[in-house]
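Coordinates in review
Here's the letter readout for the chains.
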Amino acid sequence: MDFSKTVLIGLQPRGAFVLDRLIELLTKNYGIIDITHGKLDTTFFRDDFRRTDKPHAANATQMNVAVEDKCIVFIDDVLYTGRSIRAALTAIESYGRPSEIELLTLIDRRFSRHLPIQPDYVGRQIDSLQNDKVEVKWKEVTDEDAVYLIKETL
Amino acid sequence: MSELSVDHLLGIKYLKEDDLHLIFETADHFKEVINRKIKKVPTLRDITIANLFFENSTRTKLSFELAEKRLSADVINFSAAQSSVKKGETLIDTVKNILAMKVDMVVIRHPNPGAASFLSKNVDACIINAGDGTHEHPTQALLDAFSIREKFGEVAGKKIVIVGDILHSRVALSNIFALKKLGAEVKLCGPKSLLPKHYESLGVAVELDLKKALQWCDAANMLRVQNERMDKSYFPSIREYTQLYGLGLPLLKSLNKEIVVLHPGPINRGVEISSQVADSDQAIILDQVENGVAIRMAVIYLLASKIMIPA
């Protein structure tokens, strides 16, 4: 597999966990080394500034990679409204013009999109109501790797 | 914490320690932003900011304007020299007229201490103090402390000496508040005539001997001699001031350690600091300028996030 034109970009904060695991997987199971990757924070590109009770706290951006003419894969944990991906599409422009951008998400909450954005690679597609919560847990933070679908309690 | 405890930036005095840390952490992110190929984020595209400068400024004005533009805010500039202030308009009237044009935020520099605070009580807009007379210059103190933090990892426990014209310096007062809140030790150094009378109440010490002060400190902030604010002679001659309180290379090299040298600008080369020191590796004067943009972006961003869009 040729990853020379590919750059994996984890979307901060939680896409970074997916990215780290993915790289580990690609290295251990497929022997792919030297995968170009970065972590992108989209806080300052969000469209809900001044529209939420409390501002979102920014996270570190680590983009010491060239994106010009590369195939970018955005990596996130849960795809819900699509608004963070919209922000990421704007944010990545600050670093150059990729030849192509794809999207990988661990969980796809279908039927909940606000924007015409669909993933190219999905871990699992789920049906959920708007007020449900999807919680992805990582061993790095908690004691388990798990995805919970939490139903709204009426 | 992701929110400031205040709605205006009037002075460091009114901030909590947590506010300072939040501003620094936010500025870390903006420093990364202004080092990108495209140094701009769209966050403040629906915010309009008026820069009201009733007193001369190059660095601060440019730095604020650049910070605002990097955040995509709309910016209008006002200099008292070319305005109706000359025709006798009051400060409140001037600002109310500007706000009638739907301005969300006002950055004000004014020769009178308390001007920003006065404005915040009388008009309906977010106010940022860009220097009010001899009172405070909060964003300068923030960028100084941020530069010290960048150099040493943290400000707490560091020994900082502020040298020169403390009496007329808003930079000194804001610096003292900021450094003390962050847990640094602060000493003042300068001719007695340029030191405030009641410095003990600020929790700082005084050292009249420059060499001893430098030997004690980790970083020295060399202030400018503000001739324009001196209504009488505070020292016999510039030459004498330079000999006693100017920082030259021989003095810097005679210390048994390497200290960091800050200067808020504009520099009087050869007066408070020699050219060789200003251009040496130990001086972080141009880092301060770069950090100034990041710090001002952080302050504007955090304050703007509190201006909610009406539902």
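A quick note: this is a predicted structure, and the numbers were derived from the prediction, not measured.

**Digging into the overall build of chain B**
Regarding its fold elements, chain B presents 11 helices and nine strands. Along the three orthogonal principal directions, the C-alpha set of chain B runs to about 60 × 45 × 35 Å. Across chain B, every contact between residues at least 6 apart in sequence was considered, and the portion connecting residues at least 24 apart equals 74%.

**As for the packing of helix 1 (residues 17-33) of chain B against helix 11 (residues 285-304) of chain B**
Residue and element names in this part refer to chain B. It is at 8 Å that the axes of helix 1 and helix 11 come closest, and there the two elements cross at 120°. With respect to helix 11, the axis of helix 1 lies oblique. Crossing of helix 1 over helix 11 shows right-handed handedness. Side by side, helix 1 and helix 11 meet where L22, I23, T26, A27, F30 and K31 of the first sit next to N291, A294, I295, M297, A298, V299, Y301 and L302 of the second. Partitioned by chemical class, the residues of the contact of helix 1 with helix 11 number 11 nonpolar, two polar and one charged.

**A word on the pairing of strand 4 (residues 100-110) of chain A**
All names here are of chain A. Two elements, strand 3 (residues 71-79) and strand 4, share eight bridges in a ladder whose sense is parallel. Among the inter-strand pairings, D76 is bridged to a residue of strand 4, identified as T105. In this fold, strand 3 hands off to helix 2 (residues 83-91), which returns the chain to strand 4; that crossover is right-handed. Relative to strand 5 (residues 121-127), strand 4 is paired through six bridges, and the arrangement is parallel. From the neighbouring strand, I107 faces strand 5, where its bridge partner is R124.

**Quick word on the sheet that holds strand 9 (residues 260-262) of chain B**
Residue and element names in this part refer to chain B. A sheet is described by the order of its strands in space; here five strands give the open sequence 7-6-5-8-9, paired in parallel fashion. Edge positions in the open sheet fall to strand 7 (205-206) and strand 9, since each of these has one partner strand only. As paired elements, strand 5 (residues 159-163) and strand 8 (residues 219-222) share four bridges and run parallel to each other. Within the sheet, the bridge partner assigned to V161 lies in strand 8 and is A220.

**Focus: the interface of chain A and chain B**
Opposite the 16 residues of chain A that make contact, chain B presents 17 residues. Looking at the side of chain A that touches chain B residue by residue, the class counts come to seven nonpolar, four polar and five charged.

**A few points about helix 1 (residues 15-30) of chain A**
Residues and elements named next belong to chain A. For helix 1, which comprises 16 residues, the first-to-last C-alpha distance of 21 Å matches the rise-based estimate of 22 Å (1.5 Å per residue) to within 8%. All of the buried residues along helix 1 are G15, A16, F17, V18, L19 and L22. Where helix 1 is buried, its residues contact strand 1 (6-11), strand 2 (36-40), strand 3 and strand 4. The positive-phi residue at the C-terminal boundary of helix 1 is G31, with phi of around 65°.

**Topic: the environment of D93 of chain B**
Its place among the elements puts D93 of chain B in helix 3 (residues 91-99). When the C-alpha positions of D93 of chain B and L286 of chain B are compared, they lie 38 Å apart, and in sequence the two are 193 residues distant.

**What about the sheet that holds strand 1 of chain A?**
Residues and elements named next belong to chain A. A sheet is described by the order of its strands in space; here five strands give the open sequence 2-1-3-4-5, paired in parallel fashion. Every other strand in the sheet has two partners, leaving strand 2 and strand 5 as the edge strands with one partner each. Mean inter-strand twist for the sheet, computed between neighbouring axes without regard to direction, equals 25°. Of the strands in this sheet, strand 1, strand 2, strand 3 and strand 4 are in contact with helix 1, which crosses strand 3 at around 120°. Packing of helix 2 onto the sheet brings it into contact with strand 1, strand 2, strand 3 and strand 4, and relative to strand 3 it is tilted by some 155°.

Definitions and limits used
- Residues numbered from 1 in each chain as written.
- Chains lettered and ligands numbered in written order.
- Predicted model: local features only at pLDDT ≥ 70, side-chain atom pairs only at ≥ 80, totals over all residues.
- Helix = DSSP H or I, 4+ residues; strand = E, 2+ residues; numbered from the N terminus.
- Contact = placed C-beta atoms within 7 Å.
- Axes fitted to C-alpha atoms, helices over the stretch in contact; angles between N-to-C directions.
- Parallel < 35°, antiparallel > 145°, perpendicular 65-115°, else oblique.
- Left-handed = near helix turned anticlockwise from the far one by under 90°.
- Nonpolar A, V, L, I, M, F, W, Y, C, P; charged D, E, K, R; others polar.
- Pairing = 2+ DSSP bridges.
- Right-handed = clockwise from strand over helix to strand, strands pointing away.
- Expected span 1.5 Å × (residues − 1).
- Buried ≥ 20, exposed ≤ 12 C-beta atoms within 10 Å, placed from the backbone.

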